[in-house]
Amino acid sequence: MPKFVVPGVDGNFGTLVAKYVQEFIPTKDLIFTAPKEDALISYKQQGIVTAVADFNSPENLIPIFQNADKVLLISMPFVGSKRRQAHQNMIEACIKANVHQVIYTSVLSAANPLNPSIEGIDHGFTETLLENSPLDYIILRNSLFAEAFISDYLLAIQNNASTISKNMGNGKVAFVSRKDAAFAAACALNSNFLHRIILNINGTQSVNYQEFLDIGNQVTTHNISYKKQTDEDLYSYFDSIGVPRNTDGDFSRSPIKATSEGMVSFGTAIAQNFLDISVNDFPKLTGRQPLSLRYMFEHLDDFQLGQRHPTE
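Presented here is a report on the structure given in the accompanying data block.

## Considering the packing of aromatic side chains
In this description, an aromatic ring pair is defined by two values, namely the gap between the centres and the angle between the planes.
Here is step 1 of the chain: With the rule as written, the count across this model stands at 14 aromatic pairs.
Here is step 2 of the chain: When the ring of Phe149 is compared with that of Phe212, the centres are 6.2 Å apart and the planes differ by 70°; the resulting orientation is edge-to-face. Taken as a pair, Phe149 in helix α6 (residues 146-158) and Phe212 in helix α8 (residues 209-220) lie far apart in primary sequence, 63 residues in all.
Here is step 3 of the chain: The class for Phe149 is buried, based on a relative accessible area of 11%.
Here is step 4 of the chain: Ring centres of Tyr153 and Phe297 lie 5.2 Å apart, and the angle between their planes is 75°; on these two criteria the pair is classed as edge-to-face. On the criterion of sequence distance, the pair formed by Tyr153 in helix α6 and Phe297 in helix α12 (residues 293-298) is long-range, its members being 144 residues apart.

And the structure:
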């Protein structure tokens with residue numbers, strides 16, 4: 001009997017994949033997992049097989065993954081050595097469990113050794129593990145999620161701010177909706193024709209940050225402008241409001257549930273054009289075009305960042 005394992009169905013991204021994958025794959029062939037039992041109750045009530053899976057306990061994963069056709073690896077929401085170890089645990093468990101194919105959600109330019117993004121280190125490490133393993137794989141290099149930047153825009157409006165400060169220079173990126181990236185992952189789970197391949201998952205148009213704001217301003221009739229900052233200025237600002245530099249920090253008083261290292265180094269990567277990738281494999285994989293930024297701004301309530309969990 002076919003077996004498709006979708007871990008992380010308790011998270012923002014995994015919840016969407018769990019929804020979309022049921023459009024393609026029969027419920028009887030699915031296994032949904034999460035680190036805690038209570039996150040799986042609603043899926044059990046739908047008749048879906050569930051299991052508690054902790055990527056920090058690799059031996060627990062092997063019986064869950066055993067002889068699976070496909071297993072989805074959604075990048076862990078913490079950064080650094082702990083994430084790399086969790087990813088390695090999962091990949092080693094897949095090898096021992098005789099998994100046929102792993103679908104991994106990576107990020108654009110993950111393998112470029114000059115990419116300054118802190119997050120890119122973890123993704124490049126994981127991609128290398130897969131490429132040097134006996135596993136079949138589909139690596140989905142996602143662009144930055146538009147929801148995070150749309151949420152920034154709304155926060156500026158709520159605070160009556162006229163500017164948003166970023167260190168993205170004039171670099172461009174084709175922001176993609178998290179919904180589209182999750183749909184792409186569901187399509188990859190359903191594909192029988194892609195093997196040991198890397199795909200770029202981009203949005204409709206590559207824009208710099210002021211152009212992103214211009215689209216939002218046209219739709220909402222607000223007038224938010226881009227204030228360019230250096231990496232050092234941005235680090236100082238995040239330090240001043242209590243945002244931890246890495247996931248070992250204290251997030252209890254932070255207004256932003258993300259690390260300053262992650263945000264600043266992504267901005268540096270954009271400024272240096274590491275995320276301005278012209279190739280977009282989203283239409284080929286999914287059979288449709290990605291959602292536009294204008295559409296997302298026109299439907300703001302549907303494109304919010306949501307609660308984030310930056311630690312394990």
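Picking up where we left off.
## Examining unusual backbone geometry
Here is step 1 of the chain: Even without being a glycine, Ser109 presents a positive backbone phi close to 60°.
Here is step 2 of the chain: Along the chain, Ser109 falls in the loop between β5 (101-107) and α5 (118-131).

## Points about the sheet that holds strand β3 (residues 49-52)
Here is step 1 of the chain: Within the open sheet, the 7 strands sit side by side as β3-β2-β1-β4-β5-β6-β8. Their pairing is parallel. In the strand order of this sheet, the two ends are held by β3 and β8 (197-201), each with one partner. Ignoring which end each strand starts from, the neighbouring axes of this sheet average 20° apart.
Here is step 2 of the chain: Of the pairings in the sheet, the one linking strand β1 (residues 4-6) to strand β2 (residues 30-34) comprises 3 bridges and is parallel in character.

## Thoughts on the packing of helix α1 (residues 12-21) against helix α7 (residues 178-190)
Here is step 1 of the chain: One can describe the packing of α1 onto α7 by two numbers: an axis separation of 8 Å at closest approach and a directional angle of 50°. Judged by the angle between their axes, α1 and α7 are oblique. You can see that α1 and α7 cross each other, and the crossing is right-handed. Within the contact between the two elements, α1 uses Asn12, Phe13, Leu16, Val17, Tyr20 and Val21 and α7 uses Arg178, Lys179, Ala181, Ala182, Phe183, Ala185, Ala186 and Leu189.
Here is step 2 of the chain: Residue composition of the contact of α1 with α7, by class: 11 nonpolar, 1 polar and 2 charged.

## Topic: the nonpolar core
Here is step 1 of the chain: Residues Phe32 and Leu140 are the most contacted members of the largest nonpolar core, which totals 36 residues.
Here is step 2 of the chain: Elements with a contribution of two residues or more to this core: β1, α1, β2, β4 (70-74), β6 (136-142), α7, β8 and α11 (282-286).
Here is step 3 of the chain: Of the residues forming this core, the biggest block, 9 residues, is contributed by α7.
Here is step 4 of the chain: For Phe32, the residues in contact, after removing those within four places along its chain, are Val6, Val9, Ala18, Val21, Gln22, Leu40, Tyr43, Ile48, Val49, Thr50 and Ala51.
Here is step 5 of the chain: One finds Leu108, Phe149, Val173 and Phe303 within the second-largest nonpolar core, a separate group that totals 31 residues.

## A few points about α6
Here is step 1 of the chain: Taking 1.5 Å as the rise per residue, α6 with 13 residues should run 18 Å; its terminal C-alpha atoms sit 18 Å apart, in good agreement.
Here is step 2 of the chain: Looking at α6, one finds that the buried residues are Ala146, Glu147, Phe149, Ile150, Ser151, Tyr153, Leu154 and Ala156.
Here is step 3 of the chain: One or two residues past the end of α6 sits Asn160, with phi positive at roughly 55°.

Rules behind the numbers
- Residues numbered from 1 in each chain as written.
- Predicted model: local features only at pLDDT ≥ 70, side-chain atom pairs only at ≥ 80, totals over all residues.
- Heavy atoms only, no water.
- Phe/Tyr/Trp six-rings, centres within 6.5 Å; stacked < 30°, edge-to-face > 60°.
- Helix = DSSP H or I, 4+ residues; strand = E, 2+ residues; numbered from the N terminus.
- Buried < 20%, exposed > 50% of the residue type's maximum accessible area, 1.4 Å probe, protein only.
- Pairing = 2+ DSSP bridges.
- Axes fitted to C-alpha atoms, helices over the stretch in contact; angles between N-to-C directions.
- Parallel < 35°, antiparallel > 145°, perpendicular 65-115°, else oblique.
- Left-handed = near helix turned anticlockwise from the far one by under 90°.
- Contact = heavy atoms within 4.5 Å.
- Nonpolar A, V, L, I, M, F, W, Y, C, P; charged D, E, K, R; others polar.
- Core = buried A, V, L, I, M, F, W, Y, C linked by side-chain atoms within 4.5 Å.
- Expected span 1.5 Å × (residues − 1).

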